[in-house]
Amino acid sequence: MTQERAYWLAWTQISGVGPVLLQRLQNHFGNLETAWQASAAQLREVEGFGWQTLEKVVQQRSRLHPQQLLTQHQQDNPHFWTPADPDYPQLLREIPSPPPIVYYRGEVDLAENSGQKPLVGIVGTRQPTDYGMRWTRQISAALAKNGFTVVSGMAEGIDTESHAAAMQAGGRTIAVLGTGVDVIYPYKNRDLYKQILTSGLVMSEYPAKTPPNRTNFPRRNRIIAGLSRAVLVMEAPLKSGALITATYANEFGRDVYALPGRVDDQPSQGCLKLISQGAGLIHQELSELLTMLGAIPQIDVDIPTVKSAPLPDLSPELQQVIQVVGNDALSFDVIVHKTNLDAGLVSSYLLQLELMGLVSQLPGMRYQRI
């Protein structure tokens with residue numbers, strides 16, 4: 001595993017080879033170590049490898065030693081995941097351009113990485129109105145109290161409010177940065193940054209000491225969308241990075257919700273556009289939003305314990321699937337990962353279990369045992 005992660009790192013040092021091309025290399029050769037040893041003719045078979053890219057690979061690859069590079073890199077970047085690592089965030093594996101390296105600081109919760117604990121992205125303008133700030137605080141707190149982790153980008157405005165409100169409600173939050181995880185931007189958020197490190201996580205695809213660069217932030221937004229089961233856009237004008245995040249969310253098959261506002265309010269124009277394109281509507285009944293996102297309502301009364309009825313005789317395949325599906329909802333991808341079965345077979349088995357009244361499907365391709 002350590003050897004393979006060295007090659008994920010080495011390939012990121014080759015100019016012209018980005019996340020999409022790396023994913024194609026992985027799919028074509030099976031692993032990046034084999035791809036590293038491949039000839040120019042073999043690399044040419046991979047879609048996207050033109051002559052200019054091949055020339056860069058041949059020139060730069062000969063000067064790099066993956067294991068030595070990994071040792072040196074870890075001195076400045078002690079904590080990072082690659083897709084070769086089992087703790088790499090599961091939902092990021094699904095997107096077409098998964099970051100080859102995810103650096104992190106703070107407190108890791110492996111239930112988030114595996115997809116067992118749901119993550120919801122909250123994004124919006126850097127200059128929100130009081131209306132947007134109030135709803136951001138209210139929704140972030142409700143999500144945190146119902147077991148969701150709030151994901152945002154630690155920018156001014158909506159991002160800052162979402163992180164702060166989630167932590168004030170006793171929940172967790174993840175900040176995805178467009179800088180290195182050791183660089184605080186904007187600097188006025190230094191206290192927020194320190195607080196996140198004590199009860200949440202800071203993540204980035206950029207190595208330590210990477211300064212802010214305007215080209216980094218749109219790329220950062222795909223990670224927010226990729227990590228999240230759903231993305232909530234609180235306030236956003238028509239030209240807003242939040243709309244970029246929403247676009248990524250749609251491409252990745254994530255749900256998108258938007259907070260409506262007055263038609264003549266500039267900070268609401270982007271949200272109204274999303275709603276006209278089919279985004280879910282955030283309205284006063286937050287319980288409905290939480291239900292759609294799969295939250296289990298918190299009931300303040302004692303509920304008698306009911307002994308589960310014994311399972312009927314099942315085929316070994318159905319038994320394997322239902323043993324993975326528990327009382328807590330799991331995403332389809334997590335079930336596939338845990339059963340190590342083909343996705344098509346898992347889908348068929350889940351349907352059979354659903355028809356037998358043993359499993360129920362929830363919004364967002366999640367399943368739980370009845």
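S.K.: I would appreciate a short explanation of the pairing of strand β7 (residues 230-233) in the present structure.
M.R.: Across a regular strand the side chains alternate sides, sitting on one face of the sheet and then on the other. Taking every second residue as pointing to the same face, both faces of β7 are buried, with Ala230 and Leu232 on one and Val231 and Val233 on the other. Note: strand β3 (residues 119-123) against β7, four bridges, orientation parallel. What sits directly across from Val120, in β7, is Ala230. Looking at chain direction, β7 and strand β8 (residues 255-258) are connected through four bridges and run parallel. Along β8, the bridge assignment pairs Val231 with Val256.

S.K.: Please clarify how the side chain of Gln90 should be interpreted in this entry.
M.R.: Along the chain, Gln90 falls in helix α7 (residues 90-93). Setting aside anything within four residues of it in sequence, one finds Gln90 in contact with Asn113, Ser114 and His337.

S.K.: When you look at the side chain of Ser140 in this model, what are you seeing that I'm missing?
M.R.: Along the chain, the position of Ser140 falls in helix α9 (residues 130-145). A relative accessible area of 0% means that Ser140 is categorised as buried. A polar atom in the side chain of Ser140 sits 2.8 Å from the backbone oxygen of Thr136.

S.K.: Sorry if this is basic, but what is going on with the nonpolar core here?
M.R.: Most often, soluble globular proteins keep nonpolar side chains buried together rather than apart. If you look at the biggest cluster of nonpolar residues, it comprises 38 residues, and the most contacted ones within it are Trp11, Val17, Leu25, Leu32, Leu43, Phe49 and Val202. Put simply, the parts of the chain that give this core at least two residues each are α1 (2-12), α2 (19-29), α3 (32-37), α5 (51-61), α6 (66-76), α10 (158-168) and α11 (190-199). Ranked by residue count, the leading element in this core is α1, at six residues. Leave out the neighbours within four places in its chain, and Leu32 touches Glu4, Tyr7, Trp8, Trp11, Leu22, Leu25 and Gln26.

S.K.: What should I look at first to understand the pattern of salt bridges in this one?
M.R.: Side-chain pairing between opposite charges can occur once the charged atoms of the two side chains come close. Summed over all chains, the structure comprises eleven salt bridges. Between Lys117 and Asp109 there is a salt bridge, and its shortest N-O distance comes to 3.8 Å. You can call Lys117 partly exposed: its relative accessible area is 22%. Residue Arg172 pairs with Glu112 through a salt bridge whose shortest N-O separation is 2.7 Å. Of this pair, Arg172 sits in the loop between α10 and β5 (173-176) while Glu112 is found in helix α8 (residues 110-114), placing the two residues 60 residues apart along the sequence. Of the two residues, Arg172 and Glu112, both sit in the buried class. Several salt bridges converge on common partners, so that one network encompasses Glu205, Arg219 and Arg222.

S.K.: What should I look at first to understand helix α17 (residues 332-339) in this one?
M.R.: Note that an α-helix has 3.6 residues per turn; residues three or four places apart therefore point the same way. Those residues of α17 that fall on the buried side of the exposure criterion are Phe332, Val334, Ile335, Val336 and Thr339. At its buried positions, α17 is contacted by α8, α16 (316-324), β10 (330-331), α18 (343-355) and β12 (366-369). Positive phi shows up at Asn340, right after α17, with a value of about 60°.

S.K.: I keep staring at the pairing of strand β2 (residues 102-106) and nothing clicks. Help me out?
M.R.: Taken together, the two bridges between strand β1 (residues 80-81) and β2 define a ladder with antiparallel strand orientation. Bridge assignment links Trp81 to a residue of β2, and that residue is Val102. Bridge count for β2 against strand β6 (residues 201-204) is four bridges, and the pairing is antiparallel. Across the sheet, the residue bridging to Gly106 is Leu201, located in β6.

S.K.: What is the right way to look at the packing of aromatic side chains in this model?
M.R.: Where two aromatic rings form a pair, the distance of their centres and the angle of their planes describe that pair. Enumeration according to the criterion identifies six aromatic pairs in this entry. Their ring planes at 40° and their centres at 5.8 Å tell us that Tyr185 and Phe217 sit as a pair that is tilted. Remark: Phe217 occurs in helix α12 (residues 216-227) and Tyr185 occurs in the loop between β5 and α11; sequence separation between them is 32 residues. On the basis of relative accessible area, Tyr185 is assigned to the partly exposed category, the value being 41%. Connected via pairs of aromatic rings, a cluster forms that spans Tyr7, Trp11 and Trp36. A cation sits over an aromatic face here: Arg44 above Trp51, 4.8 Å from the ring centre.

S.K.: Teacher, can you tell me more about the packing of α9 against α10 here?
M.R.: Two quantities define a packed helix pair, namely the angle between the helix axes and the distance between the axes. One can describe the packing of α9 onto α10 by two numbers: an axis separation of 8 Å at closest approach and a directional angle of 35°. The way α9 lies across α10 gives a crossing that is right-handed. For the pair α9 and α10, the contacting residues are Gly132, Met133, Thr136, Arg137, Ser140, Ala141 and Ala144 in the first and Ile158, Glu161, Ser162, Ala165 and Ala166 in the second. Split by residue class, the contact of α9 with α10 holds six nonpolar, four polar and two charged.

Cut-offs used in this document
Residues numbered from 1 in each chain as written. Predicted model: local features only at pLDDT ≥ 70, side-chain atom pairs only at ≥ 80, totals over all residues. Heavy atoms only, no water. Buried < 20%, exposed > 50% of the residue type's maximum accessible area, 1.4 Å probe, protein only. Helix = DSSP H or I, 4+ residues; strand = E, 2+ residues; numbered from the N terminus. Pairing = 2+ DSSP bridges. Contact = heavy atoms within 4.5 Å. Polar contact = N/O pair within 3.5 Å; in protein donor to acceptor, adjacent residues only side chain to side chain. Core = buried A, V, L, I, M, F, W, Y, C linked by side-chain atoms within 4.5 Å. Salt bridge = Lys/Arg side-chain N within 4 Å of Asp/Glu carboxyl O. Phe/Tyr/Trp six-rings, centres within 6.5 Å; stacked < 30°, edge-to-face > 60°. Lys NZ or Arg CZ within 6 Å of the ring centre and 35° of its normal. Axes fitted to C-alpha atoms, helices over the stretch in contact; angles between N-to-C directions. Left-handed = near helix turned anticlockwise from the far one by under 90°. Nonpolar A, V, L, I, M, F, W, Y, C, P; charged D, E, K, R; others polar.

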